[in-house]
Structure formats: structure tokens, C-alpha cells
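As a plain string of letters, each chain reads:
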Amino acid sequence: MEGGSSRPLLCRFTSLLLLLQLPMWGSAEEFLVIGPTDPIVAVLGGDTTLPCFLFPAMSAENMELRWFRSKFSEAVFIYQNQQEQKEEQMPQYAGRVLLVRDFLTQGQAAVRIDKVQVSDDGLYTCFFKKGGSYEEATLVVKVAGVGSAPQVHIEGPEEDGVRVVCMASGWFPKPVQWRDLSGEKFLAFSEAHAQDADGLFHVEASLVVRDSSVGNVTCSILNPILGQEKTKAIFIPEPFFPQASPWKPAFAMSLTVLGLLILGAGYFLKKEHSAKVQAQQEQEFLRLFKEEDRLTKQEALKTRDELQAELDWRKKVYQAAWRRAQLYADWRKEQFQICSVTLNPRSAHPNLSISQEKTSVTWKDICEKQNDDRCSVLGLKGISSGRCYWEVEIRYEDKSEWAVGVCREDVDRNDWFRECPDKGFWVVGWFEEGYCACTTPQTWLSLRQAPCRMGIFLDYDGGDISFYNMTDGSHIFSFSEASFSGTLFPYFMFKSGDISLTICSMVGGPKGLPVPFNKAPSTLNEPVSPSGEGLSSASGGDGVLPGPESPLLPQGSKAVPP
């Protein structure tokens, strides 16, 4: 694809954007980023263009634009403050990427990559940011290269045929196929390939032709992306095939006579053996009858054991559900261990002040408390297994923005970043519009009482982290069925306002415990709250205790707490 084709490629989606402009769009700060749905084919050594579009149409001249690979830091091109930024650009794209500015004022932006390489193949993301709003779209680039024509030669006879070898180099990707004179494909052939320093394939495919009447065979190298094919045919003379040995007809006649003799002997042996076979069949019938009777009894015993096991399981589940509903506080202390959390000053943002005991964090007196960046600090010790919990005392004024929770060790907390499970954050906090769980999309919470003390319960092995208001014992939110990997660290974030976060001392156990909130098993509904209160977020739910008619127990049994 040549660089001159960028203008038609940018205009290709103009009609689509016009159709998508509906009158009931949101505020001027809201927008979408749209990229091509089909893969972009890039010819090796040529140019290719990666376009993205804003909806609704608006000028992108004053926006931050970024094209990157699998990670945000793997920058292909960065446009910021109306000029190109080269500090974060990946070395392999230096001097090869140019911004197409023709339609920036119309919300259409693209970058052109010159001298396409094999390493340019893969997934790209274009990122548009305006103020506090940002969106992104993905693009797929398929690199294709056509190499040399195949070279075919005969190596010589092998087994009962002739080996033919086909070689070609400079291709990407590497399909090879053989065909005979009628166009039929040979399915059985061996292939070896290697990649050079530029990532191009050298292919060597060999075929053993056993049919002397084939005549011509053709080696075909096809690039499926571009649809380009190069072929080479070779004629195999019949004398190249191994000749039949003169002893083969005599050997075949000998085998025929021997077969007749064996059949005659078998006829006489069969009559003698028939009586023995009949007696054996009668014995086998009797044995099968006894075996069937034994299996029937065994199946009956197995069914009885399965019913007994199911009854025992139902009883255990019922007892566990009753115990969690009536004795949840004691169960909570047994299942979760107190985690002694201290702050790691080395992980703290320069605007944050850590107390001498390393248990409290506030703004520094010299810093501005209204900041667009997130200022955060991590706990000193990581968590990679087990169940533990800690409590945080929160003091803040109105319009303050903060968050607490956990994050992975390898998350990026520099400059601008986004908190969500996909990025390695599981946090809850107060933002401009109220209490929020940082999910994708965000989950806004309605709490019956503002939490002055928040409990964080982490079940690493179970993939669950739950937040509780320790002031009134109510449940706030749970990240259930989370996929944790690596080491997790306690996470504390300030954004704006007058705030202080203090890790509570857990000597002697917690002052209060949360109302129970557990996931129900896949085969039954467990009670989650003895009183049906305290659950106000989207992750909560009311439950009732199982009665005597519960399916957990057989009919006629009475539910008795353990």
C-alpha cells in the first residue's frame, strides 16, 4: 500500500460518520474513536496508513493522539501540544512514522508507516485524549511479502518413487503446495522452513512421486493475503522410477499356492474344532450370565452409595449455610487473618506525606491539593496467597477524591493512568459524582451511611476482594471471580481535596465485623444476610434462611442449627 493512498483511506469512512451522527449525543466533551473493522494489508517494503476517526466530528488539533502496540508504553507515534513527541517512541519506528494532518480539524487522524517490515505485523491501538476524557480503538495490520520464484529439481529415486525438492526464499507468510498435471493437490509432503534476520521465510518442500504416469508436477508458492502466486513445473521421465524386479511374479505365484494349501488344511481343522467351539460357547454364555448378575448387584450398590453421598453433601451444605447466617462473625475471624499493613515511602508520590509510623498518608503542606494526576502509595508487603483483611480510617472533606484497594506489583502509576481490573487495580473510592467501584464501566454506589472506617477483605486464592463499611457493618462492593496473578499490594490514592487515610491498628481484633456477603453455590441459593439489611450496592442481595422444607434436606427432616 503506497503512502499516496492515505487520503482515499481517510475519506472511506466519511459517509459512515455522517450516518452515525445522531441528534441525541451527549456533551461536547464526549466522543468515540472509530477505526477500520477490516485488517489493513501492508506490502513488505512499501507504505501503509493507520486511520482513526472521532464521532461526533470535532477538531483533533489540540488533542493528545497516540498510536501504540500491545502496551500503552510501546509508542509508535505521539502527537501532543500540536507537535510530534519522540521521547517515548519505540526505536524501530524512529524516522519511519509520519502524521497525516489533512483532516485533523474534521476529527480524522492517521499515521503513515514507511518501509514496512515483518515486525510491523500485528495489533495497534489509536488513543485520543481531550482534557479528562479519552477513548481508543484497535486496528489490525497484516504484512505480506512476495519472494523469489520456486526452484524445483529431482534428487533421485527413493523407496518406490522419485523425490522432488522445491525451494523459495523471501516470502511472508510461507504456504507451499504441490499439484499434478490435472491440477490435483498432493497432500503428503515434507516441509522445512527458516526465517532470516528480516523475518522472511526460506522454504524447502520435498515430495515423493510414486505414480510414473503423473508426468509434470508443479510447486506453487502462494501469498494468501495478497493473492499472488508463483509456480514452477518439472517433468519426471518414466525411466527415473524404480523398475519392477523379475522375481516378483514368481513370488506372487508361490504365495497363491501356499494360500490354497492353508485353506485346505483349515477346512479339515475347522470340522474337528467345531465341537470344541460349541462347548466353549455354552461355557461363555453361562459366564456372561453370571457377570451380568454381578454387575446388576454392583450397580445397585453404587446407586445406594451415590444417594447416601448426595444426602451427606446436602446436609453439610445446609449446616454450612446455617452457620454462616447465625455465626458469621466467628466464621469470619476463623477464615480471614489480620494483615499488618504499613506504607512503603519509596512507592509514594512526591506530593504525599507518610507518617513516621508508616500507617498514615496526607498531602504535603507545600503541594496543591487540586490535581489532575492520581497520587498514590503502596503497602510495604505484598500478598500472593491466602485470606487476609485490614481496615482504613478515612477523613475527608466534601469534593475530595480518593480510593483504596489493591493493585498488582507491575502496574503503571506514573503520570496518567486508569484504575480498573483490566489494568491490575481493584479499588473503591469517592470521586466527583459520589462513591464508585472502579470497574469497566464504572459502578456508582448508593450507601446508606458514609464510611469513616472501611474494611478490605482479600481472598487471593478464591479470586474475591470485598469492601465493607465498618461503621455500620454494611457491605459496599465485591469484585467476585477476579483473576489475580503475581503479588498484590495494598493501594491508597489521593486526587483532590483535604484527605487523610490511616491504617487502623488491629490489635485485639476488629472493632466491628461486616454483614455476611458470600457467593451462592451453583446448585443452590445460600442465605447471605440474616436480617436482609446492609446491602446497598449492585453486588449485594437479600437472603432468607433455609426452612424445614429447604431442598438441602430430605422431606420430613427438620432444620436444626449445629
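As a reminder, the structure under discussion sits directly above these lines.
From a predicted model like this one, the values you see are computed outputs, not experimental measurements.

A. Local environment of the nonpolar core. Membership of the largest hydrophobic core comes to 39 residues, with the highest contact counts inside it found for Trp390, Ile465, Phe492 and Leu501. With 4 residues, the top contributor of residues to this core is strand β23 (residues 387-396). The residues touching Leu501, leaving out its near neighbours within four places in the chain, are Thr359, Ser360, Val361, Val392, Glu393, Ile394, Ala403, Val404, Phe492 and Phe494. Judged by nonpolar contacts, the second largest core, of 36 residues, contains Val33, Val76, Val116 and Leu200.

B. Inspection of the pairing of strand β2 (residues 40-43) at higher detail. Burial along β2 is one-sided: Ile40 and Ala42 are buried, and none of Val41 and Val43, which face the opposite way, are. In this sheet, strand β10 (residues 133-144) lies alongside β2 in parallel orientation, the contact comprising 4 bridges. Within the sheet, the bridge partner assigned to Val41 lies in β10 and is Lys142.

C. The arrangement of the pattern of salt bridges in detail. Taken as a whole, this structure holds 14 salt bridges when the rule is applied. A salt bridge links Arg287 to Glu284, with the shortest nitrogen-to-oxygen separation between them at 2.3 Å. Remark: Glu284 and Arg287 occur in helix α3 (residues 247-326); sequence separation between them is 3 residues, near one turn of the helix. Classification of Arg287 as partly exposed rests on a relative accessible area of 42%. Its relative accessible area of 34% is what places Glu284 among the partly exposed residues. For Glu391, the salt bridge is made with Arg453, and the minimal N-O distance between the two is 2.5 Å. Taken together, the residues span a long stretch of sequence, with Glu391 in strand β23 and Arg453 in strand β28 (residues 453-459) at a distance of 62 residues.

D. Representation of a nonpolar patch on the surface within the structure. Judged by side-chain polarity, Phe251, Leu255, Leu258 and Ile262 come together as a nonpolar surface patch covering roughly 400 Å² of accessible area. Here Leu255 shows up in helix α3. Overall, the relative accessible area of 46% leaves Leu255 in the partly exposed class.

E. Inspection of the side chain of Arg374 at higher detail. For Arg374, the position within the fold is in strand β22 (residues 370-378). Judged by its relative accessible area of 18%, Arg374 is buried. Side-chain polar atoms of Arg374 contact the backbone oxygen of Phe417, separated by 3.4 Å. There is a polar contact of 3.3 Å between the side chain of Arg374 and the side chain of Glu419.

About the thresholds
- Residues numbered from 1 in each chain as written.
- Predicted model: local features only at pLDDT ≥ 70, side-chain atom pairs only at ≥ 80, totals over all residues.
- Heavy atoms only, no water.
- Core = buried A, V, L, I, M, F, W, Y, C linked by side-chain atoms within 4.5 Å.
- Buried < 20%, exposed > 50% of the residue type's maximum accessible area, 1.4 Å probe, protein only.
- Helix = DSSP H or I, 4+ residues; strand = E, 2+ residues; numbered from the N terminus.
- Contact = heavy atoms within 4.5 Å.
- Pairing = 2+ DSSP bridges.
- Salt bridge = Lys/Arg side-chain N within 4 Å of Asp/Glu carboxyl O.
- Patch = residues over 30% accessible without salt bridge, like charges linked within 9 Å, V, L, I, M, F, W, Y side chains within 5 Å.
- Areas by Shrake-Rupley, 256 points an atom, 1.4 Å probe, with all protein chains shown as cover.
- Polar contact = N/O pair within 3.5 Å; in protein donor to acceptor, adjacent residues only side chain to side chain.

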